[in-house]
Amino acid sequence: MMALTQSCLSLAEEMPLLLIGWLSLFALGDLPEFSDLTGIHAEHLIQSLLYRLRKCEETRDNNRLQETVKNTPKTLNHILLMVDKEKDRLIESGNVDAAFMSSISVAKSTCMIVQLVPLYRAAVLSYQLVLKLAEVLDTAQRNKSKDETLATEKLQLSKKLCAAQQQINEWREELLQKGLVGPTKALSYPKEIELWDTLFKVECSIEEVSSRWTQSLRKELRKRISMANDDAKVLLCCVEPTASAVRSSHTDVQTCFDELCQSAIKTICQRGHAGDLMLSLSSKVKDIPIVILSAVVVESAARFRDNPVLQLLDSQSAMSHLLLNGDWKQIRVDDSAGQVVHSCVVAVRSLVESVLQGHVALGHLQTCLKNKEQFKKLYLQYKKNNTAGSVPVDAGAVLAQREKDLNSFMQRKQQMDTLIKMIAKVKESITVPEMSTLEEQHGADLQNISLNKLVLVQSLDAEGTVKKTGPPQVLWYHISLNVLKMSHEMHKLHQSNLILSSWVKGAASLASERRPSSAPVVVSLTQVCEHIWNPLLTKFLQLGVSIARANVTLKQLDQVLVESGDQGDGRLMKKELSLMSEMFCELRQFQPAENWVEMRLAQIREYSQLHEAAVAASAMLKIAEKMKLSGNFAQIHTLSQLEEDAFKQRPLASLTDDLFRAKQQLATVTKQNTLCLEEFLASQTLVTWVQTNLKNMSDVKVYVELASISAGENDTEIDQVACFHDAVMGYAPLLFYLSPQAGFDEFMKRAQLVWDTQSRDEKLPDKLRESTRLLSWLQDLKETHGSVEQSSLSLASSVNAHGVYHIGWSDGNTERRCLQNMVQVKVTSDREEKSYKLEELLELQNKLMLMSSKGEHGREQVNRFTEVFEGVQRLGTILLQMQTSGNMLFREWRAEVQCCPQQQPCITVTFLSLSSKEIVYSGELTEQLQTLAHSMDSCQKEWRSFICDRRSKFSLLNHYTSEQMVYLCYWIHKVCQQRAAVPQQLWNLLFPIKPQCTLTDVRSAHRKAVGLMSEYDESEESGSDDEDQYQELSDLTPDSPGHTEEDEEETRNLMEFSSEDEDDCVMKCDDDHDKDSLENLWRLFKKDNSQYLSEYLDISTLAHFLSCLSEMNQQHVIRNLPPILQEGKPNLLLCPSAEVLTTVLSFYMESPEQPLPSADEVLVCREETTEEEVEIFLRRALGQGSKQSCQKIYCLVNPGLLGYDVSVALGELFDALERSASPRYRLVIVSPVVHQHRYVPSFFSNGKVQAAVSPTSHNTRKYLHHHFTQNALPQNPVAQVSPDQLSVWMVSSLRPAVGKSLYVNRLFEKFQQKSSQTKHIRIRLIEPCVDIDLLIKSLSEKLASLREQDPVLLHIDTAGVRSGLEELLFHLLVLGCLSGTHGMLWRRNVTHLIMVEVLKTSTQSQTKEVAMSFPDPISLSVCV
């Protein structure tokens, strides 16, 4: 190929581009030869190389990759030579800039493919190429650029080079991921030193670039070396081939390694590990480099500068290692280290000679004895290296002898130390002039004193062995033999408390005999020995003899026990007896029995316990006398004789078994226990006051709580109250539970409880003493406590200890359903049970809060009561929400909460509707209350989501509140399944769905609804994945405010119609036997309502029932919308207060033939209107449930009276529902002008319309006359007699007692003439404000016995009503329906004649908020 190219070169001269084409045909390794042959330019070679490198990156062929990396350095070297040769041509051609950028790309690609350290040359050469072209480019810029542009171009070039340098640094860091040194202490990458050397040798003539590159490399190399441990740094500079590689590398590489090696050596030596370093180097390196060895020697010697002998013997000394290993003459170091070596060799010779001759310094000898083995080895090395001949001495024997010499001196030194200390203890009585010289000798620094000056050393004989002589003679101290003997005996007995006590007394006695004044008496050591020490020693030994023979008197023994300081455990007495025994053996003047120490010690211990028992018995008998206990204490009376003087004169051997048997009764009583009883005896004033004023522990707790509150923030008083509390609680068994007939046995039981408390609180007696001191303050505090505070705290304590909260409600209750009637607590105490309602508990809580606000302490009972009570209130609140929202599972639900912490289970939940199924909770009460409340709250949220979902899908449910839905579920099931009679309330509720509903209609709709549900269940089981079924389930999404898409998804997954996942979940719970948890019961309830609602329909069946019943209704209401109102948007009308109801009526007068407005079309708001009532009204108004609903007009009347929370909820509900509302909904908001700035009118202000002129009285009268006449059936006898055949009449007067009732009675007589079956029902409203619930109850009860078609004159006397009459009449006569707060309804029977008796007064129409006048045109009345 190369030959062919050469033959065609003439063509290339005519067509230069042919060379570039031929270039791609040659392999990378042939490019240098091709270049030499053809003379192709360097920039073309760079481009070709870049192309090949990029192709190599893309293909990732390992073989090609290796071949490319192998040939790249050769090509790069050739290109570098060509760039150097063609520098001028490149500048003139203008290609240098492009070539420079290509070189950067080449470097980048090279770094990408070079991933192994041995292949580093390619990457380094590529960077060298970048720098080489940068030099050429810099020259070109200097030649062509002007001064103003040169700086900019240089800056750009510098940035590009910095980026290239960063690229190489990143490549190097990626390449060297392991540490410098591996686990084997060798280089992790054998070629790494060469890599650094090559990097340092990269050249660049641009000074700035070169300097930055070198500084960066130095920093990175030092950083990498520093990451290795110190031993490895030193080892690298010693071990081959690393050391050779470093020595032959770039100067900067050598400098970095040398400096860090020296630093590592210094650190190692300072840490005291030079010996380990020398051992490591010796094992791995045959000849340690002189530089390294010298540095180790010098740095190690610096550590032993103050102790040259230790430097010779310490295992972590470098010189010790050198001297103990090898020939001293072969040590090769530099001059400074040589001086250290020479000084150590001299020191060895001096040390050996001084030890052998005995004139070694005391400190040096101690060092040698601590390092015996090192000294022996050093001595052997010394003999090998000593040119003067060997020394025939055994180093071990010499050291042993010198140790004996030293020990003799140290023993004498200790004896002198004891003598000095003993004399110092009596310096107030005597003074000894001789002691000053002795103390000076004793206190001198002996470390540098030769051994032969301290003792008479044993010399060596001619054979080099130690002469056998007696114990060494001490030369340092100069004292007489008697004093020497005394010091010896003192040192032996200096730990004896008896000796010390006698020593002090003896010195004081000697001083009192000789001194005329208080100054210490001057005596000599000989006099001390004769007059003090010898007598006390004799007395000590005599005492020992009497004890050994057991004839020591008990009085003497008491004194011995006191002076010895023994605490009754015998530990100190054992020491005294042992010292006596040692002296007997040493003096050999008395031979006691064998083991006499153990025998007498046991007797003394028994006597000590006997004495302690006697003290305890004395305290018990005195307490029994003080508290007038009549029981038997004979068991301990025997011990009282121990306190008698005659008994104390008996010998130790005279103690009898009777005493020990009596002592055994009190074997468990310790000294601390006795002190506890004695303190109780000393505090009788406090004991009497407590027993008189605080009858039991309950009184104590109340008193302490009140005292803590009274103390407030005063820390001192708080501590005093706590002290009293602890004392009384600790001594309570003796204070409150000890009967007057108690004897010894009962007393011990009660006392043991006190001692148990004392074991936990060692300061119990001190607290009782302090409380006694504070008795007057405690009495004053007792007098300041009020009866209300005491009774409140006492009640709270009783509830906490004995209370049981009952939470629940039953449909059988006659009281109003509210939290006050759902929570009560029963407290059983002393067989008496008391109940407290919620109001009483709230009042108690308020009192307790006022009390606790006075201080931070003493609130345990208050806090406990409050925490439990608040948890119970939360539970009751959630239960009330669940029941009022129609949750049938919790309809008959009870909970009992045990307040006492010891009562378990603490909560018992009962579902009466499920055969009284119980769920129990055990543990800490407040935590379990939170757990139960959280579970119920979750159930409530899921239930509300479910109801919202049902209301969204079945619009007919929006005619009913949750309470009403529950009522329907119950009675429809009962009527259709159990054939029960239909209550009137059921007809009232079903009226909006089908006005003239019959029993046949109800049963027919029920059958259809059950059939639909069965089909639904079957389809769900057979094809849950069916697309239509999925669509049906997706339609269940609730469209209500406050629910995000996630909530809606959760609702679909959780509520009722269980998915496959839910089935699995329930089965899992079954498998885990977790059926008794509330969460599992709720899951099962959601899965199969019918299983748990045996007396109810489920909500979905009810919805289908209402749909089927609605289909039977043929009556449709189609009203005309007044022109001023618009469909598809809310219409806000503001009018005078007196015209509100007339304005509402005017909307329906547009369609006079249509029925009067119904209760489902008009919502007249009050302050008591609930959020649910507002929600179902808006759902009816905006819903798309049926076509006829779109033809109705929905009026929200007087919304300004709504509470703030309900008003805000109304706005949120409207915004949420309007998104999916019918485009033709009809909603009118009618509000008095005075309310226009309130929340709801302001919310709908954008929909404000101009109010039309109110209808005239004539038109209104005509409209009402038409409908009230239409309602009166001709066949009804009442209608035949009533004036104008009207079904509604009003009888009014301006004054009372003018005959209105008489008029009604006479009219009724006329009705009876037509029909004797006519009934007169009279309802008298005597309260100023109408109670709707009571009115509905009265109407329902009085009309319950009548048939629907029976003629009735319903007489309602409203003369006593002063407010709300207009609203009542509007609901009663126009809407024809009254609705109670709990969902109860009463509907007007069109066959009945209604007579309303009204007293018109000046205050008739005035209310707190607004005067809503019932339309005057209803003057279908007779004014009397």
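Structure shown above.
Residues numbered from 1 in each chain as written. Predicted model: local features only at pLDDT ≥ 70, side-chain atom pairs only at ≥ 80, totals over all residues. Heavy atoms only, no water.

> Got a sec to walk through the overall build of the protein chain? Specific residues and values, please.
Broken down by element type, the protein chain carries 64 helices and 19 strands. The proportion of buried residues among the 1424 residues of the protein chain is 50%. Partitioning the contacts of the protein chain with sequence separation of at least 6, the portion at a separation of at least 24 is 75%. Of the accessible surface of the protein chain, which amounts to about 69100 Å², a share of 49% is contributed by carbon and sulfur atoms. (Helix = DSSP H or I, 4+ residues; strand = E, 2+ residues; numbered from the N terminus. Buried < 20%, exposed > 50% of the residue type's maximum accessible area, 1.4 Å probe, protein only. Contact = heavy atoms within 4.5 Å. Areas by Shrake-Rupley, 256 points an atom, 1.4 Å probe, with all protein chains shown as cover.)

> Hey, could you go over the packing of aromatic side chains for me, with residue numbers and the actual values?
The tally for this structure, following the rule as stated, stands at 22 aromatic pairs. Three or more aromatic residues joined by ring pairs form one cluster here, namely Phe890, Trp893, Phe911, Trp943, Phe946, Trp1082 and Phe1085. (Phe/Tyr/Trp six-rings, centres within 6.5 Å; stacked < 30°, edge-to-face > 60°.)

> Describe the environment of Ala424, listing the residues and the values that go with them.
Mapped onto the fold, Ala424 is located in helix H23 (residues 395–425). Considering only alpha carbons, one finds Ala424 and Met435, 11 residues apart in sequence, at a separation of 9.7 Å.

> Can you lay out the side chain of Thr75 for me, pointing to particular residues and giving the numbers?
Residue placement: Thr75 occurs in helix H6 (residues 62–85). Reaching out from Thr75, the side chain makes a polar contact with the backbone oxygen of Asn71 at a distance of 3.2 Å. Aside from chain neighbours lying at most four places away, what touches Thr75 is Leu28, Leu31 and Pro32. (Polar contact = N/O pair within 3.5 Å; in protein donor to acceptor, adjacent residues only side chain to side chain.)

> Before we move on, can you summarise a negative patch on the surface with the specific residues and values?
Together, Glu1171, Asp1205, Glu1212, Asp1215 and Glu1218 make up a negatively charged patch on the protein surface. The element contributing the most residues to the negative patch is helix H58 (residues 1204–1218), with 4 residues. Note on placement: Glu1171 falls in helix H57 (residues 1171–1182). Judged by relative accessible area, which is 36%, Glu1171 ranks as partly exposed. (Patch = residues over 30% accessible without salt bridge, like charges linked within 9 Å, V, L, I, M, F, W, Y side chains within 5 Å. Salt bridge = Lys/Arg side-chain N within 4 Å of Asp/Glu carboxyl O. Lys, Arg positive; Asp, Glu negative; His and termini not counted. Charge placed at Lys NZ, Arg CZ, Asp CG, Glu CD.)

> How would you explain the side chain of Ser317 if you had to name every residue and give the values?
As for its position among the elements, Ser317 is in the loop between helix H18 (308–313) and helix H19 (318–324). Owing to a relative accessible area of 0%, Ser317 belongs among the buried residues under this scheme. Of the polar contacts made by the side chain of Ser317, one reaches the backbone nitrogen of Met319; its length is 3.4 Å.

> Describe in detail the sheet that holds strand E4 (residues 823–829), supporting the description with residues and values.
Pairing is antiparallel in the open sheet, where 6 strands are placed in the order E5-E4-E3-E6-E7-E8. The strands lining the two open edges of the sheet, one partner per strand, are strand E5 (832–837) and strand E8 (917–921). Averaged over all pairs of adjacent strands, the angle between their axes in this sheet comes to 20 degrees, without regard to strand direction. As paired elements, strand E6 (residues 893–898) and strand E7 (residues 907–911) share 5 bridges and run antiparallel to each other. Residue pairing across strands places Val897 opposite Ile907, the latter belonging to E7. In this fold helix H46 (residues 925–953) packs onto E6, E7 and E8, with an angle of close to 30 degrees to the strand it touches most, E7. Sitting on the sheet, helix H53 (residues 1078–1087) is in contact with E7 and E8, with an inclination near 145 degrees to E8. (Pairing = 2+ DSSP bridges. Axes fitted to C-alpha atoms, helices over the stretch in contact; angles between N-to-C directions.)

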